[in-house]
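# Report on the structure
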Amino acid sequence: MTIYSFWIFDRHCDCIYHKDYKRPYRQLRSKLDFPAGAIDEKKQTTGGPPTGKGPLSVDDDAKLVFGVVFSLRNIVTKLAGEKESFFVFRTSKYKLHFYETQTNLRFVMITDLKVDGIRPILEQIHAGLYVDYVIKNPLSPVEHKNGVGVNNELFNLGLDRFLRPLSIFE
């Protein structure tokens with residue numbers, strides 16, 4: 001069982017935290033992988049429109065992940081009603097686990113297909129780590145505007161310490 005990546009989106013649909021663990025799907029590439037001038041510095045990706053085969057920037061990945069979450073959430077609420085939500089989305093390669101708080105923070109974890117039922121883990125990340133290290137931190141901004149995300153070393157360390165002993169972490 002493996003965790004591929006973890007994402008947090010705020011109520012403004014912005015990605016405020018992202019961490020890759022193992023990533024078997026499309027790899028992000030660094031500037032070292034391409035010759036000089038081949039990378040658009042502003043987008044941090046190779047030139048040209050996304051073709052589905054080349055590398056994507058973290059911003060592009062965040063938009064795709066949030067787009068899936070947003071679309072699925074809308075489909076579920078239209079079909080089943082406002083009180084309903086989805087928790088897991090499965091493809092042939094991975095599972096996307098979703099948890100939304102009352103303040104519209106969205107926690108997304110992408111794992112392999114063998115991982116089941118990690119909603120309590122996402123709830124613990126929110127209640128135990130995010131609230132303690134980000135919300136209660138007087139130096140942390142309340143709103144993460146202009147691309148400023150969660151930049152808190154204690155949160156990073158706490159998340160690693162929390163996830164590594166779990167059986168789903170490989």
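Preceding this paragraph is the structure being described.
Residues numbered from 1 in each chain as written. Predicted model: local features only at pLDDT ≥ 70, side-chain atom pairs only at ≥ 80, totals over all residues. Heavy atoms only, no water.

### Some details on the overall build of the protein chain
Broken down by element type, the protein chain carries 3 helices and 7 strands. Secondary structure elements of the protein chain occur, N-terminal to C-terminal, as β-β-β-β-α-β-β-β-α-α. Considering the protein chain as a whole, with its 170 residues, one finds that 38% of them fall into the buried category. Put simply, of all contacts in the protein chain between residues at least 6 apart along the chain, 51% involve residues at least 24 apart. (Helix = DSSP H or I, 4+ residues; strand = E, 2+ residues; numbered from the N terminus. Buried < 20%, exposed > 50% of the residue type's maximum accessible area, 1.4 Å probe, protein only. Contact = heavy atoms within 4.5 Å.)

### Some points on the sheet that holds strand 1 (residues 3–9)
Two modes of strand pairing occur in sheets, parallel and antiparallel, and in both the strands are linked by backbone hydrogen bonds. Taking strand neighbours across the sheet as the criterion, the 5 strands line up as 2-1-7-6-5 in an open arrangement whose pairing is antiparallel. At either margin of the open sheet sits one strand with a lone partner, and together these are strand 2 (15–20) and strand 5 (88–90). Mean inter-strand twist for the sheet, computed between neighbouring axes without regard to direction, equals 15°. Most of the contacts of helix 3 (residues 153–163) go to strand 2, to which it runs at about 45°, and overall it touches strand 1, strand 2 and strand 7 (106–111). (Pairing = 2+ DSSP bridges. Axes fitted to C-alpha atoms, helices over the stretch in contact; angles between N-to-C directions.)

### Observations concerning the environment of R11
By the secondary structure assignment, R11 is in the loop between strand 1 and strand 2. Residue classification places R11 among the partly exposed residues on the basis of a relative accessible area of 48%. As for R11 and T103, which are separated by 92 residues in sequence, their C-alpha atoms are 7.1 Å apart. Dropping the residues within four chain positions of it, R11 is found in contact with T103, N104, R106 and E143.

### A look at helix 1 (residues 58–80)
Given a rise of 1.5 Å per residue, 23 residues ought to cover 33 Å, and the 32 Å separating the end C-alpha atoms of helix 1 matches this to within 8%. Considered for burial, the residues of helix 1 that qualify are D61, A62, V65, F66, V69, L72, V76 and T77. Of the surrounding elements, those touching the buried residues of helix 1 are strand 1, strand 2, strand 5, strand 6 (95–100) and strand 7. Following helix 1 by one or two positions, G81 has its phi on the positive side, about 110°. (Expected span 1.5 Å × (residues − 1).)

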